[in-house]
Amino acid sequence: MIDMTAADGISGDVRVRSNVVRLAAAQALTGANSAVIFATGSIVGATLAPDVSFATVPISMYVLGLAAGTLPTGAISRAYGRRVAFIIGTGCGVLTGLLGAFAILRGSFPLFCCATFLGGLYGAVSQSYRFAAADGASAEFRPKAVSWVMAGGVFAGVLGPQLVQWTMDVWSPYLFAFSFVVQAIVALIAMAVLAGVDAPKPAPSDPRRGRPLFEIARQPRFIAAALCGVIAYPMMNLVMTSAPLAMKMCGLSVSDSNFGIQWHIVAMYGPSFFTGSLIARFGAPSVVAAGLLLEAAGATIGLSGMTAIHFWSTLIVLGIGWNFGFVGASALVLETHRPQERNKVQAFNDFLVFGTMAVGSFSSGQLLANYGWSAVNLVVFPPVLLGLTVLAVASFAKKRRTASQQVSEFLDPGI
């Protein structure tokens, strides 16, 4: 029986590895969507918006789309399978590029915000790639599957900003209009890649086999995982959203901004080549803690100066911190649910992360316009301290529970 189980695990991991290749490629292509929006959103927003304090609203609409798309993505995946959700998501990506280009050509701020909202829906679906990679994988392989798919974002870090750099002036004087057209083409390619993912429609399941969502969400481990995800992603987004406009306000060029965003995205996904191994060796809580501390370090660099080097260093360190924090928190989420509970728990976790991010994102433009770049960085520190505290408490509680179980088994071996 043990040998058969091991054989099943090996067979499952072979299928998972095949999926990981496609999902990593899709992550690279889909990442161009967010890279184009983050590199151009606040600059286009400042051009089209009635007031500069609304410049980051397009990026906030992207984040709102992320939040709005998480629960429907889970529902579609449960009903029709993950592949259907992936195709719908890439369709939103195509619409993002076409509508974004049209909005710039027409000079319409509301239309541009609608385009970035659709981009957020696309991004929400892409967030499930990391969880889809773990479907059917053995417990040992899951962290690596998650991190390898996230590693596809390294290529997004190169592709997205370079796509902007090469195409931003093609339809001069309509800056970035053609960039969005090319982004739509990239989304079509991602659709073709995802069509080959082995993710069949799930069999109908007995709802009584799964625990109520509230029961799962009450676990200290889930609370710590969700809270750390809520802190790691929104804090990174707050600083990254403001950075291109802050650089422009400091007299730096669009090329400087594109370079910073490019290396920020590379830093976000580059560590994924080994983050899974770090989680396997040191445990997810330790990796999450390291990520939160690195985000605080990035904010500290941002406070120390306003040259191009300071901005670039802030974005790079922030990206590495996000990777450790978010991938580690995702691995923690995988420890809190049973297989039949995965879609609803994963969608709920992402809803918490991106819902919080949406609320914070709308304030980033006001924060930067009214209080400056330093205030944006100062906001990072209190949430990071909270996350480290909750993570420590949850880890301590797990150690106590494990020790108690070991004592019980020692005193009564029949348990």
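Predicted, not measured: the structure shown is a model, and the values here were computed from it. (Residues numbered from 1 in each chain as written. Predicted model: local features only at pLDDT ≥ 70, side-chain atom pairs only at ≥ 80, totals over all residues. Heavy atoms only, no water.)

Asks: I'm lost on the packing of helix 7 (residues 153-167) against helix 11 (residues 254-269) in this one. Help?
Replies: A pair of packed helices can be characterised by two numbers: the angle between their axes and the separation between those axes. Contact pair helix 7 / helix 11: the axes reach a minimum separation of 7 Å and the direction vectors enclose 165°. Taken together, the axes of helix 7 and helix 11 are roughly antiparallel relative to one another. Both helix 7 and helix 11 take part in a crossing whose hand is right-handed. Residues Gly 153, Val 154, Ala 156, Gly 157, Val 158, Pro 161, Gln 162, Val 164 and Gln 165 of helix 7 form the contact with helix 11, whose own contacting residues are Ser 255, Asn 258, Ile 261, Gln 262, Ile 265, Val 266 and Tyr 269. Within the contact of helix 7 with helix 11, the residues separate by chemical class into nine nonpolar, seven polar and no charged. (Axes fitted to C-alpha atoms, helices over the stretch in contact; angles between N-to-C directions. Helix = DSSP H or I, 4+ residues; strand = E, 2+ residues; numbered from the N terminus. Parallel < 35°, antiparallel > 145°, perpendicular 65-115°, else oblique. Left-handed = near helix turned anticlockwise from the far one by under 90°. Contact = heavy atoms within 4.5 Å. Nonpolar A, V, L, I, M, F, W, Y, C, P; charged D, E, K, R; others polar.)

Asks: In this structure, what is going on with the nonpolar core? I would like to understand it.
Replies: Among soluble globular proteins, nonpolar side chains are generally buried collectively. In this structure, Leu 23, Phe 86, Tyr 129, Tyr 233, Trp 322 and Trp 373 are the most contacted members of the largest nonpolar core, which totals 124 residues. For this core, the element with the highest residue contribution is helix 10 (residues 220-249), accounting for 18 residues. In this view, Tyr 129 contacts Leu 23, Ala 26, Gln 27, Thr 30, Phe 86, Tyr 122, Val 149 and Leu 194; residues no more than four positions away in its chain are not counted. (Core = buried A, V, L, I, M, F, W, Y, C linked by side-chain atoms within 4.5 Å. Buried < 20%, exposed > 50% of the residue type's maximum accessible area, 1.4 Å probe, protein only.)

Asks: Explain the packing of aromatic side chains to me, please; I cannot follow it from the model alone.
Replies: Two descriptors summarise a pair of aromatic rings, namely the distance from one centre to the other and the angle between the planes of the rings. Going through the model one piece at a time under the given rule, you end up with 12 aromatic pairs. Note on Phe 38 and Tyr 62: the rings are 5.3 Å apart at their centroids and 75° apart in plane angle, and the pair reads as edge-to-face. With Phe 38 in helix 1 (residues 2-48) and Tyr 62 in helix 2 (residues 57-80), this residue pair connects regions lying 24 residues apart in the sequence. Note on Phe 259 and Trp 263: the rings are 6.3 Å apart at their centroids and 55° apart in plane angle, and the pair reads as tilted. Of this pair, Phe 259 and Trp 263 both sit in helix 11, four residues apart, which is roughly one turn of the helix. For Phe 259, a relative accessible area of 38% translates into the label partly exposed. Taken together, the ring pairs in this structure connect Tyr 233, Tyr 269, Trp 322 and Phe 326 into an aromatic cluster. (Phe/Tyr/Trp six-rings, centres within 6.5 Å; stacked < 30°, edge-to-face > 60°.)

Asks: Mind showing me how you'd approach the layout of surface pockets here?
Replies: To find leftover empty space, one rolls a probe the size of a water molecule over the atoms. Here the second largest pocket is characterised by a volume of approximately 230 Å³. Lining the second largest pocket are Ala 139, Arg 142, Pro 143, Arg 221, Ile 279, Ala 280, Gly 283, Ala 284, Pro 285, Ala 331, Leu 334 and Glu 335. Contributions of two or more residues to the lining of the second largest pocket are made by helix 6 (142-151), helix 12 (272-282), helix 13 (284-304) and helix 14 (308-334). Residue classes in the lining of the second largest pocket are distributed as eight nonpolar, one polar and three charged. (1 Å grid on protein atoms, 1.4 Å probe; cavity = no way out; pocket = protein on both sides within 12 Å on 5 of 7 lines; lining within 4 Å. Points joined across faces, edges and corners; volume = space filled by probe spheres on them.)

Asks: Help me understand the packing of helix 10 against helix 15 (residues 342-371) in this model?
Replies: Packing of helix 10 against helix 15 brings their axes to within 8 Å, and their N-to-C directions diverge by 30°. It follows from the interaxial angle that helix 10 and helix 15 lie roughly parallel. Our pair here, helix 10 against helix 15, has a crossing hand that is right-handed. Of the residues contributing to the contact of helix 10 with helix 15, the split by class is 17 nonpolar, nine polar and no charged.

Asks: What is the right way to look at empty space enclosed by the protein in this model?
Replies: Enumeration over the complete set of coordinates arrives at five cavities of 30 Å³ or more. Estimates place the volume of the largest cavity at around 190 Å³. Ser 34, Phe 38, Tyr 62, Tyr 233 and Tyr 269 are the residues nearest the centre of the largest cavity, which is lined by 16 residues in total. At six residues, helix 1 tops the list of elements feeding residues into the lining of the largest cavity. The wall of the second largest cavity is formed by Thr 70, Thr 73, Gly 74, Ser 77, Arg 82, Ala 124, Ser 128, Phe 131, Asn 343, Gln 346, Ala 347 and Asp 350. Going through the elements one at a time, helix 2 and helix 15 are the ones with two or more residues in the lining of the second largest cavity. Of the residues in the lining of the second largest cavity, the class split is three nonpolar, seven polar and two charged.

Asks: When you look at the confidence of the model for the chain in this model, what are you seeing that I'm missing?
Replies: Detailed reading of the predicted model is not advised wherever pLDDT is low. Here the chain shows a mean pLDDT of 83. Residues at 70 or above account for 90%. The weakest mean pLDDT in the chain belongs to helix 1 at 74; the strongest belongs to helix 13 at 95. This stretch, residues 1-11, has a pLDDT under 50; its non-local contacts, to residues over four places away or in other chains, come to zero contacts. (pLDDT = per-residue confidence, 0-100.)

Asks: Looking at this structure, I do not really get the side chain of Ser 42. What am I missing?
Replies: Within the secondary structure, Ser 42 is located in helix 1. When near neighbours in sequence (up to four residues on either side) are disregarded, Ser 42 contacts Ala 55, Thr 56, Ile 59, Thr 241, Pro 244 and Leu 245.

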